[in-house]
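# Results of the structural survey
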Amino acid sequence: SRRIEGVAFDHGAQCFTLRDPRFAKEALRPRFGDTVVEWGPWTESQCRWRGTPSMSAVPKHLAHGLDVRLETTVTALRPDGDRWSATIASGTTFSAEAVVLTPPVPQALVLLDAGGVVLPADLRSRLTAIEYDRCLAVMAVLDGPSRIPPPGGFAPASGPIAWITDNVQKGIASEPAVTLHARPAFSLGHWDHDRMNSGRLLLDAAAEWLGAGVRTFQVHGWRYSQPLVTDPARCLVVDASLVLAGDAFGSGGVEGAVLSGMAAAEAILSR
């Protein structure tokens, strides 16, 4: 989530589905509490849910009481006797009995390679087969209400825009504000172009739904937006104390990431 001139946006995952019974029973309410609400109604059979007041409220709630280090770059992960040692950019190291790696898989492989961790050939082959789409996201503050139909979000049938959200209808922003997600082909083709020019192209493509002038906007690039090729397993156990998890394992998306995290926890605890 991000603010521009005091206006709030969700610019990453916009919502999530509720398909797996275990996710609904064990994760949604017991773990997420009141940080999630229904967003709809939708024509699709599956209800969409969102974080409240924004999507970032969900991880903030889950992180309550934990020792979380933000804006800390880990440069290497290596075995250290019967423990693991994580080195950060400042040179400081952290030690742990077990590690769950949930960054995009290419970044996880960089950390393991930097620490000299040699993966079994079959596991490395599975990990290198995972691919991701990129996504350019535009956050625009408007000078009037948008023309996006209720409930405030939809996927255009054609053109460069994959998804568009009215953040006021969604219940996040108090002033007119929209989020645009570009399709993977547009995002990849414009990845190395001037971001503001790419943002203007997407805003021009969304003109019929904006219905108002653009006061200001920002563009964010998600290099690992959504997994294009996933691993079928819920998580990948390297050994008794190292597990890889995240939205690249299992069904993908927010729901898949949660189920992957639960599987990783079970794998660590069972060993």
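The structure contained in this document is the topic of the report that follows. (Residues numbered from 1 in each chain as written. Predicted model: local features only at pLDDT ≥ 70, side-chain atom pairs only at ≥ 80, totals over all residues. Heavy atoms only, no water.)

### Considering the nonpolar core
- Counting 22 residues, the largest nonpolar core has Leu77, Leu101, Val105, Leu127, Leu242, Leu244 and Phe249 as the members making the most contacts within it.
- Elements with a contribution of two residues or more to this core: β6 (83-88), β8 (99-101), α3 (105-114), α4 (121-128), β14 (236-239) and β15 (242-244).
- Of the residues forming this core, the biggest block, five residues, is contributed by α3.
- Ignoring any residue separated from it by four or fewer positions in sequence, one finds Leu242 in contact with Leu77, Trp84, Val99, Leu101, Leu112, Leu236, Val237 and Ile268.
- If you look at the next biggest cluster of nonpolar residues, it comprises 20 residues, including Leu142, Ala182, Leu202 and Leu203. (Core = buried A, V, L, I, M, F, W, Y, C linked by side-chain atoms within 4.5 Å. Buried < 20%, exposed > 50% of the residue type's maximum accessible area, 1.4 Å probe, protein only. Helix = DSSP H or I, 4+ residues; strand = E, 2+ residues; numbered from the N terminus. Contact = heavy atoms within 4.5 Å.)

### Considerations on the sheet that holds strand β12 (residues 177-182)
- Reading across from one edge, β10-β11-β12-β9-β13 is the order of the five strands in this open sheet, with antiparallel pairing throughout. Every interior strand has two partners, whereas the edge strands, β10 (153-154) and β13 (214-229), have only one.
- Taken together, the 11 bridges between strand β9 (residues 131-142) and β13 define a ladder with antiparallel strand orientation. Among the inter-strand pairings, Val141 is bridged to a residue of β13, identified as Thr216.
- Contacts from helix α6 (residues 195-205) reach β9, β11 (161-166), β12 and β13 within the one sheet, and its direction differs from that of β13 by about 95°. (Pairing = 2+ DSSP bridges. Axes fitted to C-alpha atoms, helices over the stretch in contact; angles between N-to-C directions.)

### Looking at the packing of aromatic side chains
- Under the criterion given, the structure shown has seven aromatic pairs.
- With a centroid separation of 5.9 Å and an interplanar angle of 80°, the aromatic rings of Phe16 and Phe23 are classed as edge-to-face.
- Using a relative accessible area of 4% as the deciding quantity, one classes Phe16 as buried.
- Ring geometry for Phe154 and Trp209: centres 5.3 Å apart, planes at 75°, overall edge-to-face. Residue Phe154 is found in strand β10, and its partner Trp209 is found in helix α7 (residues 207-210); the two are separated by 55 residues along the sequence.
- Among the aromatic residues, those joined into a ring-pair cluster are Phe16, Phe23 and Phe32.
- Arg48 extends its terminal NZ or CZ atom over the ring of Trp42, reaching a point 4.7 Å from the ring centre. (Phe/Tyr/Trp six-rings, centres within 6.5 Å; stacked < 30°, edge-to-face > 60°. Lys NZ or Arg CZ within 6 Å of the ring centre and 35° of its normal.)

### Points about the environment of Gly211
- The residue Gly211 is located in the loop between α7 and β13 in this model.
- Of the residues examined, Gly211 reaches a relative accessible area of 35% and is grouped as partly exposed.
- The spatial distance from the C-alpha of Gly211 to the C-alpha of Ala155 is 17 Å, given a sequence separation of 56 residues.
- Discounting residues that sit within four places of it in the chain, Gly211 has contacts with Pro145 and Arg147.

### Describing the pattern of salt bridges
- One pass over the structure, following the stated rule, counts nine salt bridges.
- Asp20 is the salt-bridge partner of Arg234, the closest N and O atoms lying 3.5 Å from each other. Of this pair, Arg234 sits in the loop between β13 and β14 while Asp20 sits in the loop between β2 (7-9) and α1 (21-32); the two residues are 214 residues apart in sequence, bridging distant segments of the chain.
- Asp20 gets classed as partly exposed once you look at its relative accessible area, which sits at 21%.
- Put simply, Arg126 and Asp231 hold a salt bridge, and the shortest N to O gap is 2.7 Å. Here Arg126 is found in helix α4, whereas its partner Asp231 is found in the loop between β13 and β14, with 105 residues between them in sequence.
- Overall, the relative accessible area of 34% leaves Arg126 in the partly exposed class.
- Note on Asp231: relative accessible area 4%, which makes it buried.
- In the salt-bridge network here, residues are joined through shared partners; they are Glu5, Glu175 and Arg215. (Salt bridge = Lys/Arg side-chain N within 4 Å of Asp/Glu carboxyl O.)

Coordinates in, geometry out; function isn't part of it.
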